[in-house]
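Take a look at the letters that make up each chain.
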Amino acid sequence: MPRRHRDDSAASRKYHNRVAKQYDQIYDDCYWEFHDELTWRAIKPHLPKSATSPCLDLGCGTGKWGLRLLKSGFPTTFVDHSPNMIDQARSKAEALGPRAKHATFVVADIIDLHDLPLNHFALTLAMGDPLSICSDPAAAVFEVCRTLAPNGIVIATADNKLAALDHFLERGDIDALEQFLKSSRTTWLTDDSTEQFPLTMFTPHTLRRLFEKSGFQILDLIGKTILPVRKHKHLLENPDTLQRLLQLEHHLAKDPTSPARASHLQMTAQKPLPEP
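Numbering of residues starts from 1 in each chain and follows the order in which that chain's sequence is written. Totals for whole chains, interfaces and linings use every residue, but because this is a predicted model, local features are given only for residues with pLDDT of at least 70 and side-chain atom pairs only at 80 or more, for both listing and counting. Based on all heavy atoms of the structure, the side-chain values leave hydrogens and waters out of the count.

What follows is about the overall build of the protein. Strands here mean DSSP runs of E at least two residues long; helices mean DSSP runs of H or I at least four residues long; both are numbered from the N terminus. Scanning the protein from terminus to terminus reveals 11 helices and nine strands. As defined in this context, the radius of gyration uses C-alpha atoms, and a globule is described by 2.2 Å times the residue total to the power 0.38. Scaling as 2.2 N^0.38, a compact globule of 276 residues should have a C-alpha radius of gyration of about 19 Å, and the protein matches this with 18 Å. Based on the C-alpha atoms only, the size of the protein along its principal axes is roughly 50 × 50 × 45 Å. Within the protein, buried positions represent 49% of all 276 residues. Whether two residues are in contact is decided by their heavy atoms, any of which lying within 4.5 Å being enough. Considering only contacts within the protein whose residues lie at least 6 apart along the sequence, 77% involve residues at least 24 apart. When the accessible area of the protein is evaluated, it comes to approximately 13800 Å², of which 52% is carbon and sulfur surface. Exposure classes here rest on a 1.4 Å probe applied to the protein chains alone. A residue is buried below 20% of its type maximum, exposed above 50%, and partly exposed in between. What sets the accessible areas is the Shrake-Rupley method with a 1.4 Å probe; for residues, cover comes only from the shown protein chains.

A separate point is the pattern of salt bridges. Definition used for salt bridges: Asp or Glu carboxyl oxygen within 4 Å of a side-chain nitrogen of Lys or Arg. Throughout the structure, instances matching the rule amount to 10 salt bridges. With its nearest N and O atoms 4.0 Å apart, the salt bridge here joins Asp 240 to Arg 244. With Asp 240 and Arg 244 both in helix H11 (residues 239-252), this residue pair falls four residues apart, about one helical turn. You can call Asp 240 partly exposed: its relative accessible area is 49%. Residue class for Arg 244 comes out exposed when judged on its relative accessible area of 56%.

Next up on the list: empty space enclosed by the protein. The distinction between a cavity and a pocket rests on a 1 Å grid over the protein atoms alone: a 1.4 Å probe fits inside a cavity but cannot get out, while a pocket stays open yet meets protein on both sides within 12 Å along at least five of seven lines, and a residue with an atom within 4 Å of a point counts as lining. Grid points are joined across faces, edges and corners, and a volume is the space filled by probe spheres set on the points. Taken as a whole, this structure holds one cavity of 30 Å³ or more when the rule is applied. When its volume is computed, the largest cavity comes out at roughly 40 Å³. Leu 58, Ile 110, Ala 126, Leu 131, Val 141, Val 144, Val 154, Ala 156 and Phe 211 together form the lining of the largest cavity. Only helix H7 (137-147) and strand S5 (148-159) provide two or more residues apiece to the lining of the largest cavity. Under the convention adopted here, Pro, Cys and the residues Ala, Val, Leu, Ile, Met, Phe, Trp and Tyr are nonpolar, Asp, Glu, Lys and Arg are charged, and Gly plus all remaining residues are polar. For the lining of the largest cavity, the class distribution of residues is nine nonpolar, no polar and no charged.

Within helix H10 (residues 204-213), burial applies to Pro 204, Leu 207, Leu 210 and Phe 211. Down the axis of H10, the buried set is contained in an arc of 125°. They therefore lie on one face. For H10, the exposed residues lying more than 90 degrees away from the buried face are His 205 and Lys 213. Next to the buried residues of H10 lie helix H6 (130-133), H7, S5, strand S8 (217-224) and strand S9 (264-270). Following H10 by one or two positions, Gly 215 adopts a phi angle in the positive range, close to 95°. An arc is given here, and it is the one of the directions from the helix axis to the C-beta atoms.

Turning our attention to unusual backbone geometry. Of note, the amide linkage connecting Lys 224 to Thr 225 takes the cis form, showing an omega dihedral of -15°. Here Thr 225 is to be found in the loop between S8 and H11. If you check the backbone angles, Ser 184 has positive phi at about 65° while not being a glycine. By the secondary structure assignment, Ser 184 is in the loop between helix H9 (174-183) and strand S6 (185-187).

Let's shift gears to the layout of surface pockets. Here the second largest pocket is characterised by a volume of approximately 330 Å³. Lining the second largest pocket are 17 residues, with Leu 38, Ala 42, Ile 222, His 250 and Ala 253 sitting closest to its centre. For the lining of the second largest pocket, the secondary-structure elements that each account for two or more residues are helix H3 (30-43), S8, H11 and S9. Tallied by class, residues from the lining of the second largest pocket come to six nonpolar, six polar and five charged.

What a helix is expected to span follows from its residue count: subtract one and scale by 1.5 Å. The end-to-end C-alpha distance of H3 is 20 Å, a good match for the 20 Å that 14 residues give at a rise of 1.5 Å each. Of the surrounding elements, those touching the buried residues of H3 are helix H4 (64-71), strand S4 (121-126), S5, S8, H11 and S9. Definition of a polar contact: a pair of N or O atoms within 3.5 Å, with one able to donate and the other able to accept a hydrogen when the atoms are protein atoms, and with sequence-neighbouring residues admitted only if both atoms are side-chain atoms. You can read the cap of H3 off the contacts: a side-chain oxygen lies 3.1 Å from the backbone nitrogen of Tyr 31, and it is on Asp 29.

Moving on, we get to the confidence of the model for the protein. Interpreting fine coordinate detail is not advised for predicted regions of low pLDDT. Per-residue confidence from the predictor is given as pLDDT, running between 0 and 100. When pLDDT is averaged along the protein, the result is 93; 97% of the residues meet or exceed 70. Scored below 50 in pLDDT, residues 1-6 makes 18 contacts in the model with residues more than four places away or belonging to other chains.

With that out of the way, let us pick up the pairing of strand S2 (residues 76-80). The buried fraction of S2 amounts to five of the five residues, a majority that puts the element mostly inside the structure. Side chains Thr 76, Phe 78 and Asp 80 of S2 all project onto a buried face; the interleaved residues Thr 77 and Val 79 project onto the opposite face, where all are buried too. Note that strand S1 (residues 55-58) and S2 share four bridges and pair parallel. Bridged to Leu 58 within S2 is Val 79. Being paired, for any two strands, means DSSP has found at least two bridges between them.

On to the environment of Cys 30, then. By secondary structure assignment, the location of Cys 30 is in helix H3. Residue class for Cys 30 comes out partly exposed when judged on its relative accessible area of 23%. Ignoring anything within four residues of it in the chain, the contact list for Cys 30 reads Lys 233 and Leu 236.

In structure tokens form, the structure reads like this:
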């Protein structure tokens, strides 16, 4: 079982507690709407067939994806290591009225989910790159596998290591680039040094290996976004162009080499049935 590093999450928790009330505003623009539409289109085919199937939103933040699951009728557990993020998610769920009774909220680090039941969830979402943010990605994937039901699906995102190379070159910091290439780790960019938590980044290959080592069967690995639309947000303002770009993203995602050029990676994997 992977080693835990509970103390490493303190800076991340401090940052996310501070920004919780403004978090939705940070990501309120047409690029992230485009990004979220791609995400939901990738999630929908894997929604459980039974409305009673329990779902899990890991690193839930303010609850964006867990609330979609809740609105779709699934009992949903929201988990985040930031109490303030959980408060935001709970407030949004309560605004849904009776559906809120099917929501459960847990303050926990995704590398240690001992409060959650074994072999329980039909679908686990880990969006917003919690695998990159957490202190021990291998431990987190182990916990995802432990809490998923056999045949359960996990859909998780992570930062793409290959997309970060330009950052070091733009700063002219070759020493840092060499270190990053060796370690796959860098630091969250924030002015407060007490909030500068480490980030682990992945290539498509290393993300696959991370899940395979915990016994998962890889179903799909895509990049978001493959097209550099973040630099061309004006194109997303035209509804017709937006739909065409969504179709192009879908087409490009069929090429197994395309995730390498995206800023984020999205893994879909399945926990196998136990051997007879």
